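Architecture and fold: a report
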Amino acid sequence: MPQYMALLYNEPGDEATERERWALLPRWNDVANRLRDAGVLVANAALHDTVAATTIRVREDQLQLSDGPFATTKEILAGYFLLDCADLDEAIGWARQLPIAEYGSVELRPVFAPEDLPAG
Amino acid sequence: MSALERAFREHHGTVLALLIRHVGDFDLAEEALQDALAAAATSWPRDGLPDNPGGWLATAAKRRAIDRIRRGQAQHLRATRLAELQERTLSDDPFAEEEEIVDDRLRLIFTCCHPALAMEARVALTLRALGGLTTAEIARAFLVSEPTMGKRIVRAKRKIADARIPYRVPTGADLAARLGGVLGVVYLIFNEGYAATGGEALVRHELCDEAIRLGRLLCALMPDEPEAWALLALMELTHARRNARVDEAGHFVALEAQDRSRWDPDALAAGRAALSHALALSPPGPYALQAAIAALHTSPDGPPWAEIADLYAALPPSPVVALNHAAAVGYAHGPQAALELLTPLLADPALERYAPLHATHADLLRRAGDSRGAATAYARAAALTENTVERAELNRRRAAL
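Given the structure is predicted, the values throughout are model-derived calculations rather than measurements.

**A look at the overall build of chain B**
Regarding its fold elements, chain B presents 19 helices and zero strands. For chain B, the spread of C-alpha atoms along the principal axes amounts to about 80 × 40 × 40 Å. By the burial criterion, 37% of the 401 residues in chain B qualify as buried. Expressed as a percentage of contacts within chain B between residues at least 6 apart in sequence, the contacts between residues at least 24 apart total 60%.

Right, here's the structure in full:
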């Protein structure tokens, strides 16, 4: 079964906006439960704000750390769902039910399967 | 087009659709079909056209697909697919089950027009897979280089494979939304040919013809979908006037001055029949309203403008609809009423560079007796249009003030 990584993006909001978003928790739980019941959910998590992010690079054997996210854009990666779906339409069908689709966005990326690796 | 090319064009979509179902891979199916077409290009002129060209191509392509899988490097991955494919006996008539063929082609259309693909990729894939146009032909029609178009098609096919865009006709509530997308792709192909913003006239006509062929195919495959019939009607009725839009000297001819004997009576009849069919199936949707407007434009006693204005008012609002509505009101109730409707459009910064708005504005000012205002508006419209035939006409009208 192909896997899709649903990457959840949104613009961080002010306190009032954040409170509104936390109020959506029952809806998040509801989708997550239905994904689990349907046998689609592999893993999911919300991520702490990019204030807590550390970016790691190794260049010429030297570890380089920097504070903050890899790319500074308005929308930040807020969480993810790893899903087992038969095809893109099924993955879209689930992704559109995630509350963040209404105020942020969901990027669906197919996960490399062994048979997708280059031959030879 | 030679008989051979015509046969290729005609069978391309059907054979490709069947192959994709059998081999389960868009790319492999297409490569195998190319091999089969190359083989046919040698053997058909020598041995004559086979009795069943589509069946010949399907059988040959399936053999080539098996060869290609055998030669493929990732043996362990392809073994299962090969076993599945060989189970289907090659001696059977590949087109024995008519139902399956209908489904195959529908599946292919919905895959090529999947909303997860960029619009330009949907257009290119549809023309390539269903229309059987070569990459070079599509590139020429859309005024991009062949390598650019080739890359666009390769990327789209890779996305279909990697993201696993299903080879399937959507069902239930999804069907209505997705069918709208498919019709949108076909209409875009038609408009690209009709609007003729540039390029070779012949290639452009070919795009209109191809869009109409796709429209007919959709009606044949989904005879109960009113908007499919309505889109076909709209395209037939619009295309029927193609030869009257430009005179022998290559000048643009406005509707009221068109030589009706140059309208295509078969296309008009086909368009009207398709429109009746659509209206018999359901209350008119957006394509049916536009088709009705196109049909009224060709009324024997001249266009009934008040009725046309009402139909524009019933369409989902957009700047283009608002402009056409105002123009129809101008013919029905005089230029002053139309100029009032145009005021908000002229104030919209998004439409500042929209040539048809300024052309219509100029016509209305001229008819209202404001020659100076009309001259300025004609000049503005002429400066903004990229179509040389239209620009010449706008300059002619300005000079005639």
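**Describing the overall build of chain A**
In terms of helices and strands, chain A carries four helices and six strands. Its helices and strands taken in sequence order, chain A reads β-α-α-β-β-β-β-α-α-β from the N to the C terminus. Across its three principal axes, chain A shows a C-alpha extent of roughly 55 × 45 × 20 Å. Burial status across chain A gives 12% buried among its 120 residues. Sequence-distant contacts in chain A: of pairs separated by 6 or more residues, those separated by 24 or more amount to 75%.

**Observations concerning unusual backbone geometry**
Even without being glycine, E60 of chain A reaches a positive phi, approximately 50°. The residue E60 of chain A is located in the loop between β3 (54-59) and β4 (62-67) in this model. Backbone geometry places R164 of chain B, a non-glycine residue, at a positive phi of 55°. Note that R164 of chain B resides in the loop between α8 (146-162) and α9 (172-195).

**Remarks on the packing of helix α17 (residues 355-367) of chain B against helix α18 (residues 371-384) of chain B**
All names here are of chain B. Two elements in contact, α17 and α18, have axes whose closest approach is 8 Å; the angle formed by their N-to-C orientations is 160°. As the angle between them shows, α17 and α18 are arranged roughly antiparallel. Along this stretch, α17 crosses α18, giving a crossing that reads as left-handed. Two secondary-structure elements touch here, α17 through A355, H358, A359, H361, A362, L365 and R366 and α18 through S371, G373, A374, A377, Y378, R380, A381 and L384. Among the residues forming the contact of α17 with α18, the class breakdown is nine nonpolar, four polar and two charged.

**Here's the deal with the pairing of strand β2 (residues 41-46) of chain A**
All names here are of chain A. β2 sits mainly on the outside: zero of its six residues count as buried. The pairing of β2 with strand β5 (residues 76-84) spans five bridges and is antiparallel. Along β5, the bridge assignment pairs A45 with Y80.

**Concerning helix α16 (residues 335-346) of chain B**
Every α-helix carries 3.6 residues per turn, so stepping three or four residues along brings you back to the same face. Over its twelve residues, α16 of chain B runs 15 Å from end to end, which matches the ideal 16 Å to within 8%, given 1.5 Å per residue. Of the surrounding secondary structure, the elements contacted by the buried residues of α16 of chain B are α15 (319-333) and α17 of chain B.

**Some details on the packing of α15 of chain B against α17 of chain B**
To describe two helices that pack against each other, one gives the angle between their axes and the distance between the axes. Residues and elements named next belong to chain B. Running from N to C, α15 and α17 cross one another at 15°; their axes reach a closest spacing of 11 Å. For the element pair α15 / α17, the angle class is roughly parallel. The two elements α15 and α17 meet at a crossing, and its hand is left-handed. Residue-level inspection shows L323, A326, A327 and G330 of α15 in contact with α17, the latter providing P356, L357, T360 and L364. Class assignment for the residues of the contact of α15 with α17 results in six nonpolar, two polar and no charged.

**Quick look at the sheet that holds strand β6 (residues 105-110) of chain A**
Residue and element names in this part refer to chain A. Sheet architecture is open: four strands sit in the order β2-β5-β1-β6, paired in antiparallel fashion. The sheet is open, and its two borders are formed by β2 and β6, each paired with just one other strand. Each adjacent strand pair in this sheet contributes to an overall mean axis angle of 20°, direction not counted. Pairing of strand β1 (residues 3-10) with β5, which is carried by eight bridges, proceeds in the antiparallel orientation. Counterpart to Y4 in the pairing with β5 is L83.

**Quick notes on the confidence of the model for chain B**
Residue and element names in this part refer to chain B. Taken as a whole, chain B shows an average pLDDT of 87; of its residues, 91% reach a score of 70 or greater. The least confident element of chain B is helix α4 (residues 75-87), whose mean pLDDT is 57; the most confident is helix α11 (residues 226-239), at 97. In the predicted complex, the global pTM is 0.82; the interface-specific ipTM is 0.82.

**A short note on the domain arrangement of chain B**
All names here are of chain B. As far as domains go, chain B holds domain 1 (1-96), domain 2 (98-222), domain 3 (225-241 + 262-303) and domain 4 (311-399). Distance between the C-alpha centres of domain 3 and domain 4: 25 Å. Facing the four residues of domain 3 at the interface are five residues of domain 4. Looking at side-chain class alone, the side of domain 3 that touches domain 4 contains four nonpolar, no polar and no charged residues.

**Describing the environment of A53 of chain A**
All names here are of chain A. Mapping A53 onto the fold places it in the loop between β2 and β3. Between the alpha carbons of A53 and F70 there is a distance of 8.7 Å; along the sequence they are 17 residues apart. Setting aside its immediate chain neighbours within four residues, A53 contacts G68 and P69.

**Regarding the environment of G334 of chain B**
Residue and element names in this part refer to chain B. Within the secondary structure, G334 is located in the loop between α15 and α16. According to the C-beta neighbour criterion, G334 is partly exposed, with 13 such atoms within 10 Å. Separated by 40 residues in sequence, G334 and A294 place their C-alpha atoms 21 Å apart.

Cut-offs applied
The residue numbers shown here count from 1 along each chain, following its written sequence. Lettering for chains starts from A, numbering for ligands starts from 1, and both go in the order in which the items are written. Since the coordinates come from a predicted model, pLDDT governs what is reported: local features require at least 70, and pairs of side-chain atoms require 80 or more to be given and counted, while whole-chain, interface and lining totals use all residues. By definition, any uninterrupted DSSP run of H or I lasting at least four residues is a helix, any uninterrupted run of E lasting at least two residues is a strand, and each is numbered from the N terminus. Working definition of burial: number of other C-beta atoms within 10 Å of the residue's own, with buried at 20 or more, exposed at 12 or fewer, and partly exposed in between, all C-beta atoms being placed from the backbone. The contact criterion used is a C-beta to C-beta distance within 7 Å, with each C-beta placed from the backbone. As a rule, the C-alpha atoms of each element are fitted with a line to give its axis, helices using only the stretch in contact, and angles between N-to-C directions run from 0 to 180 degrees. These descriptions rest on fixed angle ranges, namely under 35 degrees for roughly parallel, over 145 for roughly antiparallel, 65 to 115 for roughly perpendicular, and the rest for oblique. Left-handed is the label given to a crossing in which the near helix is rotated counterclockwise from the far helix by less than a right angle, and right-handed is the label when the rotation is clockwise. Side-chain classes follow a simple rule in which Ala, Val, Leu, Ile, Met, Phe, Trp, Tyr, Cys and Pro form the nonpolar group, Asp, Glu, Lys and Arg form the charged group, and the remainder, Gly included, forms the polar group. In short, DSSP must find at least two bridges between two strands for them to pair. Each helix should span, by expectation, one fewer than its residue count multiplied by 1.5 Å. Per-residue confidence from the predictor is reported as pLDDT, a score between 0 and 100. For the domain bounds, the source is a domain assignment made automatically or taken from a database.

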